[in-house]
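Secondary and tertiary structure notes
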Amino acid sequence: MKFNQRSIFLLILFLLTGCATNKIDWNARVGSYTYDNAIIELGVPDRTATLTDGTTVAEWLQYRGQGVGTVYYYPHSRLGTYDISRFPDRYLRLVFGPDQKLVRSETFAR
């Protein structure tokens, strides 16, 4: 009985730890966070562009959208239709000024 209580406690602790997320406050990083910091923390961006004024726009894939399918069967028949709904991918866009410091951030779906 003691083993089961300990296992349940560890399972609950593991689940609570897994549910904790470290949401980054990007607004607090504006002006001090650099493009190099982003590369070190987030890895190489999926897309990047340098504008004529020296601003760098970089995008990282945060979450790949999933497809959900539903099969509809007609009564007394082997025929059916398959409906697919796809959720969009979620991206993080960071904009760095000519000095390579963070100017703004946004998340978007594509």
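Residues numbered from 1 in each chain as written. Predicted model: local features only at pLDDT ≥ 70, side-chain atom pairs only at ≥ 80, totals over all residues. Heavy atoms only, no water.

With that settled, consider the environment of Leu51. Looking at the secondary structure, you find Leu51 in the loop between strand E1 (47-50) and strand E2 (56-63). The sequence separation of Leu51 and Pro98 amounts to 47 residues, and the corresponding C-alpha distance is 9.3 Å. (Helix = DSSP H or I, 4+ residues; strand = E, 2+ residues; numbered from the N terminus.)

All right, on to the pairing of E2 then. Of the strand pairs in this sheet, E1 and E2 are connected by 4 bridges, and their pairing is antiparallel. Counted as the bridge partner of Thr50 is Thr56 from E2. Bridge analysis of E2 against strand E5 (residues 90-96) gives 7 bridges, and the strand direction is antiparallel. By the bridge assignment for E5, Tyr63 is matched with Arg90. (Pairing = 2+ DSSP bridges.)

Mapping Thr50 onto the fold places it in strand E1. For Thr50, a relative accessible area of 59% gives the class exposed. For the pair Thr50 and Phe96, spaced 46 residues apart in the sequence, the C-alpha separation amounts to 9.4 Å. Setting aside anything within four residues of it in sequence, one finds Thr50 in contact with Thr55 and Thr56. (Buried < 20%, exposed > 50% of the residue type's maximum accessible area, 1.4 Å probe, protein only. Contact = heavy atoms within 4.5 Å.)

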